[in-house]
Amino acid sequence: MERDGSIGQEPGPVWDPESQTLTTGEPVAPDAGAPVHGDGRAGPDAGAQRESTVVFVEEPKSLQRLIFWNTLSTFLTVGLYRFWARTRLRRHFWHRVIVAGSPAEYMGHGFELFAGFLVIFALVGVGFLVFLFSTLYAYGDEVSTDLLSSLPLALLPVLLPMALFRARRYRLRRTVWRGIHLAQDGSVLTYTALWVWGLVLTVLTLGLAYPARNLWTERYRLTHTLVGDRRVDFKARVAPLMLAWLPAWGCSLLLLAASVGCAVWWDLHGSVSDLPAGTNNPPVPEPWSDFYAVPPALWGLALLLSLILFYGSFVRYRVLEFRYVVGQMDLAGARFTSDLGVTDVLRIITPGLLGLMGYVVLSGVTVATIYEVLRALPSHAADGAGTLLMAASALSMSVALLFAASYGVSVVSNVGMRARLLGAVARTLDIENPQALDRIGQGRTDATGPGEGLADALAFGDF
Amino acid sequence: MSDFSGQQAHPGPDGRPMALGTFYDGHSAWGSSVTVRLGQDALEILSTDDALLASWPFADLHAAGGTLDGWDMRLRADGHPGRLAVHGQAFVMHLRQAVPSLLHEGVFDPQPFRSVLGLMMVLVGAVGMVFFIVIPLLSGGLARIVPGDWERQVGARVQESMIASFAQQLGTSPEALQCTGPAGQQAMDRIVDRLSAGMDLPHPVTVTVLDVDNVNAFALPGGRLLVARGLFNYARSADEVAAVIAHEMVHVAEHHPSRNVIEGGATALLFSVFVGGLGQRPLEFFIGNMLISASHSRHRELDADEGAVSAMAAAGLDPSALATFLERIARNSANRSAAVSWLLTHPVSGARAALVRERVERMAPAPGASLGLSWADLTHLRTMCGDGGRGRRQGPPRKVRKDWRI
């Protein structure tokens, strides 16, 4: 069966009077694939093989079309449409994920996201204003200014997990499968404490505790995930992950060493070349002389190589971690297995990341150019018509750049990476004992609640 | 059993279209095989032994997730937790004819682009109201309740930091950059005193003259004015200097520096609601914020010009001096087109001068208007930086790169 085939291409299901089942040329179609028994139950027994699949229907052209209209609408409304755009994007993805023959549904509305954003924005906004005025008040006082300027950085590790946990709760509450609502319980504060503690431990151990941190937070998220009346069961240990992490950790230390080497070399180089011409270079202080003896190109090469090594080994670890986590999940007796390939993932995300980096660099250069043109405008314009022309070209360039950058980034991250990655994950994911999923009952969790304003207010709620 | 999934909708015993489906009752994830019948005003869901399981009114019916093509459709109904998957293209076509709103998603969920024009019109009105009416009104009120001590403290720190930055640019010390010639200082005090008498100032005005060739003056919070020595050389009379000082003193009287801070913060904050988050889309943020702030600033400059004309007249000085000064700037500067004026923080000098001239001409001559300042006052001002009465130092112009304007 073409598990990632296009639904629209398949013939419809046909009722087979002899076997009393709907038969089709492969029923990729959600629900249509569920065999129907003589007793009128579209049960799982005969269809275990067919139901043990997760399918993601990629449809890149339809996604690209959606992104185009989303970008244009967001653009025309100076960004306000983004809440509705995000909702439509989610709907596109959710509705194309077909689990055991039935698609997921996204029930959220753009207006909820907008309202949630306004609520959080009012709170964050007040804090921002207080911060702004405090900074002005402390203007010139070095200690207060330093303290104030480090405040947002200090708050970020607390606000980030809060925002992510809340956003996930919202998304799950708006997710329905076969009419069954998903939900997330648990405390935002506990999750945040766990997240921050994991981060501190990771930093203190120079990254060695990274798998433990990931597993703790993942365990909290998963064991507080509800599908109807069933809670996801997750029994995983850190030990198997540690072994998988060691190569990536080693590479991270190499990267750290190369970065420190480059920074120290640069610093020494700076202090030496700052000396007036004709002065004899003073000897480089003893502990650093070895660093300075290494030619700069070698440091650069070491940095590049260690970066590539770390990237490869880190992606490898994340894939292994994903496979392990999936393998330890149990939902109502159904279990999952994944044989997602490291090279498949690398092949998808590497060009995507390079593309995004290209866009960032290109946008940065163009923004700087436009800024300079606008700045120079009033003082260097020779005549009225020339000034107008320059202003008009600078502004149209900005508009064109903004649109191209928004559209390009969205296409690369959604079509090039997210959809292809989901496709790869779905192709390699299997459900053992899928008939157990039929036993899931409706939960009693509240499907309403505010939108995920915090993530958007802090500018990391793109999806 | 017949084939319900072909191109023809299977007619039921009473001729109504029927199809096969899978029904999830909303209580469990277990799916039942059902027959679906198109009723008069509802979709009827029947079990395999023809018992009516549910009847979903057309008015409550919506397409649910995963409706990917014509022959297979998932449905839900308001007030019912269940889902129904219907198989059969012809049946789906009948259903869509019976329920034209099946694929509509409600007013709170507009389709991209199609509904955006309406949204945009509402937005343009709302944005205009907030940015150009609500924020300036609020900032005017708020600026008046900002404690005076706070304004003076901020002003002192901003001044210290600006002078330090200029001194660094010119390779000199902050102390050496400040002009303290006693005769010039006295002339400036006379100007400030005469103007202050007729103005309602929240702070005593203190003027610091900087030894730079820019033609400029700037009002900081707390009644502090920074004036560049270049201004004295460019002016042709002490009244012209007084007119510029009067303009800056109106900024002080109207709390404009504090309003700038409040409006800047509020505009940045509200603008980020539109463009997204506190940091998303920096370029849109930069351009939009720049245009809105520039608009606020231009209005304030015109207000200050108008106030300066009245203050000059009230102080018995020549109110047309501001017009004369601005006209000279307009003649000597690059010919800026009014078409780009919306990009600038200050109105185009020519247009400003014309407005000031018009206002002066409408004014009845104030008694004592002829009592202008003396030529000696201007000379004292020009020499207060201690360069031997020439008013210009040797060597290249000593200008700072700070975008501050009269």
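Residues numbered from 1 in each chain as written. Chains lettered and ligands numbered in written order. Predicted model: local features only at pLDDT ≥ 70, side-chain atom pairs only at ≥ 80, totals over all residues. Heavy atoms only, no water.

A.B. asks: Mind showing me how you'd approach the confidence of the model for chain A here?
C.D. replies: Do not read the fine detail of predicted coordinates wherever pLDDT is low. Taken residue by residue, chain A gives an average pLDDT of 77. The fraction at 70 or more is 71%. Predicted confidence for residues 1-50 of chain A stays below pLDDT 50, and this span has 125 contacts to residues more than four positions away or in other chains. (pLDDT = per-residue confidence, 0-100. Contact = heavy atoms within 4.5 Å.)

A.B. asks: Help me understand the side chain of Asn414(A) in this model?
C.D. replies: Residue and element names in this part refer to chain A. The topology assignment puts Asn 414 in helix 12 (residues 384-427). The class for Asn 414 is buried, based on a relative accessible area of 3%. Of the polar contacts made by the side chain of Asn 414, one reaches the side chain of Arg 418; its length is 2.5 Å. Not counting residues within four places of it along the chain, the set of residues in contact with Asn 414 comprises Leu 63, Ile 67, Leu 89, Phe 93 and Ala 419. (Helix = DSSP H or I, 4+ residues; strand = E, 2+ residues; numbered from the N terminus. Buried < 20%, exposed > 50% of the residue type's maximum accessible area, 1.4 Å probe, protein only. Polar contact = N/O pair within 3.5 Å; in protein donor to acceptor, adjacent residues only side chain to side chain.)

A.B. asks: Explain helix 2 (residues 60-76) of chain A to me, please; I cannot follow it from the model alone.
C.D. replies: Since the α-helix turns once every 3.6 residues, residues separated by three or four places project in the same direction. All names here are of chain A. Taking 1.5 Å per residue as the helical rise, helix 2 with its 17 residues ought to reach 24 Å, and the 24 Å between its terminal C-alpha atoms agrees with that figure. Inspection of helix 2 places Ser 62, Leu 63, Leu 66, Ile 67, Asn 70, Thr 71, Leu 72, Ser 73 and Thr 74 among the buried residues, and these make up the whole buried set. Positive backbone phi, approximately 50 degrees, marks Val 78, located one or two places after helix 2. (Expected span 1.5 Å × (residues − 1).)

A.B. asks: Would you mind showing me how to read the sheet that holds strand 11 (residues 217-220) of chain B here?
C.D. replies: Sheets are built from strands paired through backbone hydrogen bonds, the pairs being either parallel or antiparallel. Residue and element names in this part refer to chain B. Judged by pairing direction, the sheet is mixed, and its 4 strands sit side by side in the order 9-10-12-11 without closing on themselves. Looking at which strands have only one partner, the edges of the open sheet turn out to be strand 9 (178-179) and strand 11. As paired strands, strand 11 and strand 12 (residues 224-228) are joined by 4 bridges and run antiparallel to one another. Paired with Phe 218 across the strands is Leu 226, a residue of strand 12. The strands touched by helix 7 (residues 238-253) within the sheet are strand 11 and strand 12, with strand 11 carrying the most contacts at an inclination of about 20 degrees. (Pairing = 2+ DSSP bridges. Axes fitted to C-alpha atoms, helices over the stretch in contact; angles between N-to-C directions.)

A.B. asks: I'm lost on a nonpolar patch on the surface in this one. Help?
C.D. replies: Residues and elements named next belong to chain B. Where nonpolar side chains cluster on the molecular surface, the patch consists of Met 129, Phe 132, Ile 133, Val 134, Leu 137, Leu 138, Leu 142 and Ile 145 and spans about 800 Å² of accessible area. In this fold, Leu 142 is placed in helix 2 (residues 116-145). Of the residues examined, Leu 142 reaches a relative accessible area of 40% and is grouped as partly exposed. (Patch = residues over 30% accessible without salt bridge, like charges linked within 9 Å, V, L, I, M, F, W, Y side chains within 5 Å. Areas by Shrake-Rupley, 256 points an atom, 1.4 Å probe, with all protein chains shown as cover. Salt bridge = Lys/Arg side-chain N within 4 Å of Asp/Glu carboxyl O.)

A.B. asks: Even after reading the chapter, I still don't get the packing of helix 2 of chain A against helix 3 (residues 82-95) of chain A, so can you show me in this structure?
C.D. replies: When two helices pack together, their arrangement is given by the angle between the helix axes and the distance between those axes. Residue and element names in this part refer to chain A. Between helix 2 and helix 3, whose axes approach to 9 Å, the crossing angle comes to 170 degrees. In terms of axis orientation, helix 2 runs roughly antiparallel to helix 3. Contacts between helix 2 and helix 3 pair Ser 62, Leu 63, Leu 66, Ile 67, Asn 70 and Thr 74 from the former with Arg 82, Ala 85, Arg 88, Leu 89, His 92 and Phe 93 from the latter. A per-class count over the contact of helix 2 with helix 3 returns 6 nonpolar, 4 polar and 2 charged. (Parallel < 35°, antiparallel > 145°, perpendicular 65-115°, else oblique. Nonpolar A, V, L, I, M, F, W, Y, C, P; charged D, E, K, R; others polar.)

A.B. asks: Teacher, can you tell me more about the sheet that holds strand 9 (residues 225-227) of chain A here?
C.D. replies: Taken in spatial order, the 7 strands make up an open sheet running 4-5-6-7-8-9-10 (chain A), and their pairing is antiparallel. Pairing within the sheet leaves two strands with one partner each, and these edge strands are strand 4 (54-56) and strand 10 (230-231) of chain A.

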